[in-house]
Amino acid sequence: MSPTILTIIISSLATGTIITMTSHHWLMAWIGLEMNTLAIIPIISTMHNPRSTEAATKYFLTQAAASAMILFSSMINAWQTGTWNITDLSYGPAHILLTMALAMKLGLAPMHFWLPEVLQGSTLATALIITTWQKLAPMALIYMTLNNLSTTALILLGLLSSIIGGWGGLNQTQTRKIMAFSSIAHLGWMISIASIMPNIMIFNLMIYMIMTIALFYSLILSKSKTVQDTTATWTLSPTLTTTMMILLPFLGGLPPLTGFMPKWLILEELVAQNLTPTATIMAMSALLSLFFYLRLTYTTTLTLSPNTAQTKFKWRFKPNRTTLLMGASSTMTIFLLPMAPLVLL
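Bear in mind the structure is a predicted one, so any value in this text is a computation, not a measurement. (Residues numbered from 1 in each chain as written. Predicted model: local features only at pLDDT ≥ 70, side-chain atom pairs only at ≥ 80, totals over all residues. Heavy atoms only, no water.)

**Thoughts on the overall build of the protein chain**
Argument step 1. Looking only at helices and strands, one finds 16 helices and zero strands in the protein chain.
Argument step 2. The C-alpha atoms of the protein chain give 20 Å as radius of gyration, which agrees with the globular expectation for 345 residues (20 Å, within 12%).
Argument step 3. For the protein chain, the spread of C-alpha atoms along the principal axes amounts to about 75 × 50 × 35 Å.
Argument step 4. Residue burial in the protein chain is summarised as follows: out of 345 residues, 53% are buried.
Argument step 5. A separation threshold of at least 6 residues defines the contact pool for the protein chain, and within that pool the share at least 24 residues apart is 76%.
Argument step 6. Taken as a whole, the protein chain presents about 15,500 Å² of accessible surface, with 70% of it coming from carbon and sulfur. (Helix = DSSP H or I, 4+ residues; strand = E, 2+ residues; numbered from the N terminus. Rg over C-alpha atoms; globule rule 2.2 N^0.38 Å. Buried < 20%, exposed > 50% of the residue type's maximum accessible area, 1.4 Å probe, protein only. Contact = heavy atoms within 4.5 Å. Areas by Shrake-Rupley, 256 points an atom, 1.4 Å probe, with all protein chains shown as cover.)

This is the structure in structure tokens:
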């Protein structure tokens, strides 16, 4: 892809999200979401193979259906209440439709089926954009309409997502699919707390994005597409291997690391709201996620792939990508726990 076209696409992607996040009118929010969707499609299908074309088609169909539902919900709300303001979503069926549409946009269970497939069909860099930047616009809409959304529905979606995100990732051998199920589980945690404590949701989203960027960059630099690929990371860079070993338990939420902090706050708030059974089930589902992260940690640092005389190791070339973002996000991931009280205040 030529630099000019790439610049136009990336700026459209950024502009679409920013329009949605700053709009008060439903039509402007919808236009932002459409810009965002149309900008990412060429990025997904850059590889020109059937799998990436299929991924782009799946992404387009699900996002277009979700956008249509958002437009429909805002239209019936405007029809009933006479207002297009995002914060005035008071008509019952409209906010049920909106919850379903935003769950579909984010890839929350039970509308999560597209996410692992789309990530598997795209490159690691594109998967990074889909799991981080693409979550911002729907999250902003959830944040703006929280007062009118059903708390029960959001908690149920969150509970289901955290269970399916943990269970689905157990059986995977592809790192992109593991990251997709990890994304589903993390978003489930965010949604379950959204209507109770929105500031914890934003905090969780911020930490999730920093940790995901750090880990995805490690996978991109080591070109690890499968679990087996991670066993040869040590030949490329022992430092990178060590960094991945540290980052994986952080993302899994192992106490007392950074990833555990939002989970701890969410569980504490759920128990305070007398939702102890929900908190218990979510804590159990976090163990499922932690298992596949620890398995990745094990293969990265403690396992050697089967070696023969002809085994091809990865050469230690200088990385052709800048490692600045990875360095910054890794450092933040590792040192955010001591800073937690400052962040929360």
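**What about the UniProt feature "domain: NADH:quinone oxidoreductase/Mrp antiporter transmembrane" (unreviewed entry) in the protein chain?**
Argument step 1. In this numbering, the UniProt entry assigns the feature "domain: NADH:quinone oxidoreductase/Mrp antiporter transmembrane" (unreviewed entry) to residues 23-288.
Argument step 2. Annotation note: span residues 23-288, helix share 77%, strand share 0%, distance between end C-alpha atoms 38 Å. (UniProt positions renumbered as here; feature names shortened; annotations may be inferred.)

**A closer look at the pattern of salt bridges**
Argument step 1. Counted according to the given criterion, the structure contains three salt bridges.
Argument step 2. For Lys58, the salt bridge identified is with Glu54, shortest N-O distance 2.8 Å. Residue Lys58 and its partner Glu54 are located together in helix α3 (residues 50-81), separated by four residues, close to a single helical turn.
Argument step 3. Where Lys177 meets Glu117, a salt bridge forms, and the shortest distance between an N and an O atom there is 3.6 Å. (Salt bridge = Lys/Arg side-chain N within 4 Å of Asp/Glu carboxyl O.)

**With respect to the domain arrangement of the protein chain**
Argument step 1. One can read the domain layout of the protein chain as domain 1 (1-148) and domain 2 (150-307 + 320-344).
Argument step 2. Using only C-alpha atoms to locate each centre, domain 1 and domain 2 end up separated by 23 Å.
Argument step 3. Listed per partner, the contact involves 31 residues of domain 1 and 34 residues of domain 2.
Argument step 4. With both sides pooled, the region where domain 1 packs onto domain 2 buries about 2,800 Å², and carbon together with sulfur makes up 82% of that total.
Argument step 5. Ranking the residues of domain 1 by area buried against domain 2 places Gln120, Leu124 and Met139 at the top, with a combined share of 23%.
Argument step 6. Inspection of the domain 1/domain 2 interface yields one salt bridge.
Argument step 7. Linking domain 1 to domain 2 there are four residue pairs in polar contact (both at pLDDT 80 or more).
Argument step 8. For the side of domain 1 that touches domain 2, the elements supplying multiple residues, two or more each, are α4 (92-106), α5 (114-121), α6 (124-131) and α7 (136-145). (Domains from an automatic or database assignment. Buried area = accessible area lost by both parts, 1.4 Å probe. Polar contact = N/O pair within 3.5 Å; in protein donor to acceptor, adjacent residues only side chain to side chain.)

**Observations regarding the packing of aromatic side chains**
Argument step 1. For the structure on display, the rule yields three aromatic pairs.
Argument step 2. Ring geometry for Phe292 versus Tyr293: centroids 5.0 Å apart, planes at 40°, classification tilted. We note that Phe292, like Tyr293, is buried.
Argument step 3. Here the guanidinium or amino end of Lys263 rests over the ring plane of Trp189, the centre of that ring lying 5.3 Å away. (Phe/Tyr/Trp six-rings, centres within 6.5 Å; stacked < 30°, edge-to-face > 60°. Lys NZ or Arg CZ within 6 Å of the ring centre and 35° of its normal.)

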